[in-house]
Amino acid sequence: MKLKFRPYTLKLKHTFTLANNSRNTTDVMLTEIHHENHIGFGEASMPPYLGETHKSVGEFLSKVKLEQFTDPLNTKEIMDYVDNIAPGNNAAKASVDIALHDLCGKMYNKPLYEYWDLNKTQTPETSFTIGIDKESVIRQKISEAEKYNILKVKLGSKNDKKLIEIINSATDKPIIADVNQGWRDKDFALDMIKLLAEKNVRLIEQPLPKELIDETAWLTENSPLPIFADESVKRLSDLESIKGVYSGVNIKLMKSTGLQEAYEMIKYAKANDIQVMLGCMTETSCAVSAAAQLSPLADWADLDGNLLITNDPYKGIEIINGKIVLNEFPGIGIREIRN
């Protein structure tokens, strides 16, 4: 096996504003694993809060020597090796994991959802993300999201109430509110959640800073809406600490180090009565389609990162009437777009 990688920068359709930052681009690293006559594709997405960069991912991937392995189907052995090269570097590791699973699917000549014996008709609807912005742009984004049945709204600014009012005036679609740790006080958060519960909001993601564990547990106990962890949980080892603190968890390949651990996280969550959302960063159709292979297991999905960019080099899953539609292509289900 031979690992190849190249840096790439995603261009966003709109400035993407969260509670703590804004950006117009997102750096990614595109990976390939070559074995015999097959190529597996992968991706590392590097939004600023993850702390990974083209430089750090490139340095990590340069240490990955897959030539020592003769059988790509030994995914656990290979990913244990990759994981132990250095701590952290979760997105870099995910780029290897995704490419490896894509390669294996192509060797089996079957989509990954079949590898896990999942029913492709049981995929959920995906939400469409609307960042913090001025009213005219918010309304434009709502118009662009016409074919999606759930909106995900970024909150955490001083204009949260106004933003929700704008959305409610433009559509009656249900809303997921993602605060990205933007509220600092549990009482304020509870007051906001009670208000949002009357405004067609269905769940709240990461309302408080991840360090406020006791405050979040109190909020979850008193909230009329389910509270989901995002920044608080990266890997399987983090899940035990959120039992009783959150109602659910947003699992993302860039946090979990890829499909192998994301699958184990979903199994653990289901066994411990923790709801599951499958999410993403700003990504190409490569990583989004990879995550979508697990979507029949999810209660919620926010797999729209590829829909927010203008220069996707791949074609993968489709969204039809708001629902994730998996294709029959082997592996993660993508094709390169040749220019």
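That block above? That's the structure.
Residues numbered from 1 in each chain as written. Predicted model: local features only at pLDDT ≥ 70, side-chain atom pairs only at ≥ 80, totals over all residues. Heavy atoms only, no water.

1. With respect to the pairing of strand β5 (residues 150-154)
Right, so step 1: Among the five residues that make up β5, five are buried, leaving the element largely enclosed by the rest of the structure.
Right, so step 2: Here β5 shows a buried face lined by I150, K152 and K154 and a second buried face lined by L151 and V153.
Right, so step 3: You can see the chain leave strand β4 (residues 127-130), run along helix α5 (residues 135-144) and come back into β5, and the turn it takes is right-handed.
Right, so step 4: Pairing analysis gives four bridges linking β5 to strand β6 (residues 175-178), with the strands arranged parallel. Residue pairing for β6: K154 is matched across the bridge by D178. (Buried < 20%, exposed > 50% of the residue type's maximum accessible area, 1.4 Å probe, protein only. Helix = DSSP H or I, 4+ residues; strand = E, 2+ residues; numbered from the N terminus. Right-handed = clockwise from strand over helix to strand, strands pointing away. Pairing = 2+ DSSP bridges.)

2. Comments concerning the pattern of salt bridges
Right, so step 1: Taken as a whole and judged by the stated rule, the model has 18 salt bridges.
Right, so step 2: Residue K152 is joined to D178 by a salt bridge in which the shortest nitrogen-to-oxygen separation is 3.6 Å. In this pair, K152 is assigned in strand β5 and D178 in strand β6, connecting sequence segments 26 residues apart.
Right, so step 3: K152 gets classed as buried once you look at its relative accessible area, which sits at 1%.
Right, so step 4: The partner of K252 in a salt bridge is D230, with the nearest N and O atoms 3.0 Å apart. Note that K252 is positioned in strand β9 (residues 248-252) and D230 in the loop between β8 (227-229) and α9 (236-239), a separation of 22 residues in sequence. For the pair K252 and D230, one class covers both residues: buried.
Right, so step 5: Linked by salt bridges that have partners in common, K152, K154, D178, E205 and D302 make up one network. (Salt bridge = Lys/Arg side-chain N within 4 Å of Asp/Glu carboxyl O.)

3. Remarks on the packing of aromatic side chains
Right, so step 1: For the structure shown, the criterion picks out seven aromatic pairs.
Right, so step 2: For the pair W116 and Y263, a centre-to-centre distance of 5.5 Å together with 20° between the ring planes defines the contact as stacked. With a gap of 147 residues between them, W116 in the loop between α4 (112-115) and β4 and Y263 in helix α11 (residues 259-271) connect regions that are remote in the sequence.
Right, so step 3: Here W116 falls in the buried class, since its relative accessible area comes to 12%.
Right, so step 4: With a centroid separation of 6.1 Å and 85° between ring planes, the pair formed by W183 and F188 is classed as edge-to-face. (Phe/Tyr/Trp six-rings, centres within 6.5 Å; stacked < 30°, edge-to-face > 60°.)

4. Let's talk about unusual backbone geometry
Right, so step 1: Despite not being glycine, Q206 has its phi angle at roughly 40°, a positive value.
Right, so step 2: Inspection of the secondary structure puts Q206 in the loop between β7 (201-205) and α8 (213-222).
Right, so step 3: Residue classification places Q206 among the buried positions, given a relative accessible area of 0%.
Right, so step 4: With a phi close to 75°, T257 is a non-glycine residue in the positive phi region.
Right, so step 5: Relative to the elements of secondary structure, T257 occurs in the loop between α10 (253-256) and α11.
Right, so step 6: Residue classification places T257 among the buried positions, given a relative accessible area of 6%.

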